[in-house]
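A look at the structure
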Amino acid sequence: MRALLLRDLRLAVRSGGGFGLSLAFFLIVTVLIPFGVGPEPGVLARIAPGALWIGALLAVLLSLDRIFALDREDGTLDLLATAPIPLEAVAATKALAHWLTTGLPLALVAPGLGVLLNLAPAATGWLIGSLLLGTPALSVIGAFGAALTVGLKRGGLLMSLLVLPLYVPTLIFGALAVGRGGAGADAATPLMMLAGVSLGTVAVLPFATAAALRINLR
Amino acid sequence: MMPELGKYAAEVTLAYGVSLCLLAALVAATVLRSRRVRRDLREMEKRRED
Amino acid sequence: MSLWEYANPVRFMALSGRVLPWLAWGAGLCIAAGLFWGFFLTPEDYRQGSTVKIIYLHVPAALVAINGWLAMLVASLIWLVRRHHVSALVARAAAPVGMVMTVIALATGAIWGQPMWGTWWAWDPRLTSFLILFLFYLGYIALWSAIEEPETAADLTGVLCLVGSVFAILSRYAVNFWNQGLHQGASLSLDAKENVADVFWWPLLVSMAGFVMLFLALVLARTRTEIRARRLHVLRLRERME
């Protein structure tokens, strides 16, 4: 499993692996928002938590297809399915690798982008915290969506249609935690709910992912 | 015949119109597809018997 | 004689063929009667005026929309556990019906909300949950139509339906947490004080019975079509092989 994790990390970081792309995408979305809604600092500060969360979510979404698609194309996935480690563990490991190369860096650069959107300084800590707690759920749910559509030729659009509704609870709790944290209100409750969603999905969804992979590899 | 709907007549008729149209479309789609598949299947089975 | 006998497509076709006309006529009669009664013969509400008549569409459609997903969930579970093909096809057949009901519930709600709340749309928890339910239906149907191999499609959509159900409930709670709503509480509950008045209640009941029967009739008819379509597909493949 560690070998698989390291291999996925190396593939992602290598040029063409798409590691920097999702970060660049996050940056561009954040830059575009003020063009859309106007530059008034008050408005930007008001929408910054939600805008940053949606940007991060879309950045995660765009990088999902690399979880399984390439391995499916070159046959690695078939080998993994017959490997001695269970497919559930493969699914969990690949989601972890995806999180390490997408969710974690997104959480780390988010405060810098928060400055662009005039995010309340008090909210910065909550932003990092909520992204750190919430993006694992995004990666695990995304791995499930990627496993469902891995056999399809043009699965990308369909995958967004399937995955985005599943992102609703994570987005609600994440953005709420940042917003409330910035306003000095009680942000611990949504943050705990967010952690609950992440823990629940991390515990359960690898099984669904593995089931979907088995069906697709049949 | 029409009941007195008061100032909300447009809303009420619109709601009924939209809903009944949607239901009619759903039923029509179901019936049409059912007919087409049934006809194709009958043709196919007849062809196989010959 | 157990219920599972009807998992056999031949038996299912025989039984459903006999039941379907009754259901269809019952649905037509009940809906016509309920809507006629509601539209022409009920008084106006003292606060809502004549817009109260929209309830005879809105509540039954919403009821069927939610229970349609529930039916899909049960059918998917039966398919994944016991591998009865009819069950998978029932789930497939129910999805578009449920989706149209969701649209009706949303549309009538919007038309009612415009004069009553002064807005077509509010991000109220109930409304938002229904919109999310609509998205789930959309994704489910899209996945069915995207996969060519029927068994794979049935399996994958089954898994999606299970996961989606969990997330639908989760979203419901998240949305409740996110915004307190405008929407009135349940129109129907066992607690009589919460209920709507009797004059509105009886036509509503008839209309709900009609919508439920319509749902069952449409699902049966669509399942029969799917069974025939699958047989047609197999025959075509066989013909190509010969």
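Residues numbered from 1 in each chain as written. Chains lettered and ligands numbered in written order. Predicted model: local features only at pLDDT ≥ 70, side-chain atom pairs only at ≥ 80, totals over all residues. Heavy atoms only, no water.

Counted by the stated rule, this structure contains two cavities of 30 Å³ or more. Within this model, the largest cavity holds a volume of roughly 70 Å³. Together, A:Leu161, A:Leu162, A:Pro165, C:Trp69, C:Leu135, C:Phe136, C:Gly139, C:Tyr140, C:Leu160 and C:Gly164 line the largest cavity. Where the lining of the largest cavity is concerned, the elements lending two or more residues are helix H8 (155-166) of chain A together with helix H4 (125-146) and helix H5 (150-178) of chain C. Residues belonging to the lining of the largest cavity are distributed by class as follows: eight nonpolar, two polar and no charged. Taken as a whole, the second largest cavity encloses approximately 40 Å³ of empty space. If you trace the second largest cavity, you find it lined by B:Thr30, B:Arg33, B:Ser34, C:Arg222, C:Thr225 and C:Glu226. For the lining of the second largest cavity, the secondary-structure elements that each account for two or more residues are helix H1 (9-49) of chain B together with helix H6 (198-241) of chain C. Per-class residue counts for the lining of the second largest cavity are no nonpolar, three polar and three charged. (1 Å grid on protein atoms, 1.4 Å probe; cavity = no way out; pocket = protein on both sides within 12 Å on 5 of 7 lines; lining within 4 Å. Points joined across faces, edges and corners; volume = space filled by probe spheres on them. Helix = DSSP H or I, 4+ residues; strand = E, 2+ residues; numbered from the N terminus. Nonpolar A, V, L, I, M, F, W, Y, C, P; charged D, E, K, R; others polar.)

All names here are of chain B. On the surface, a cluster of positive charge is made up of Arg35, Arg38, Arg42 and Lys46. Within the secondary structure, Lys46 sits in helix H1. Classification of Lys46 as exposed rests on a relative accessible area of 54%. (Patch = residues over 30% accessible without salt bridge, like charges linked within 9 Å, V, L, I, M, F, W, Y side chains within 5 Å. Areas by Shrake-Rupley, 256 points an atom, 1.4 Å probe, with all protein chains shown as cover. Salt bridge = Lys/Arg side-chain N within 4 Å of Asp/Glu carboxyl O. Lys, Arg positive; Asp, Glu negative; His and termini not counted. Charge placed at Lys NZ, Arg CZ, Asp CG, Glu CD. Buried < 20%, exposed > 50% of the residue type's maximum accessible area, 1.4 Å probe, protein only.)

With that out of the way, let us pick up the interface of chain B and chain C. In this complex, chain B contributes 32 residues to the contact, which on the side of chain C involves 40 residues. Where chain B abuts chain C, roughly 3200 Å² becomes buried across the two surfaces, and 74% of that area is made up of carbon and sulfur atoms. Broken down residue by residue, the surface that chain B buries against chain C is led by B:Tyr16, B:Leu26 and B:Arg48, which jointly contribute 20%. Run the count over chain B and chain C and you get four salt bridges. Taking the shortest distance from any N to any O, the salt bridge between C:Arg236 and B:Asp40 comes out at 3.9 Å. Considered class by class, the residues forming the side of chain B that touches chain C number 19 nonpolar, five polar and eight charged. (Contact = heavy atoms within 4.5 Å. Buried area = accessible area lost by both parts, 1.4 Å probe.)

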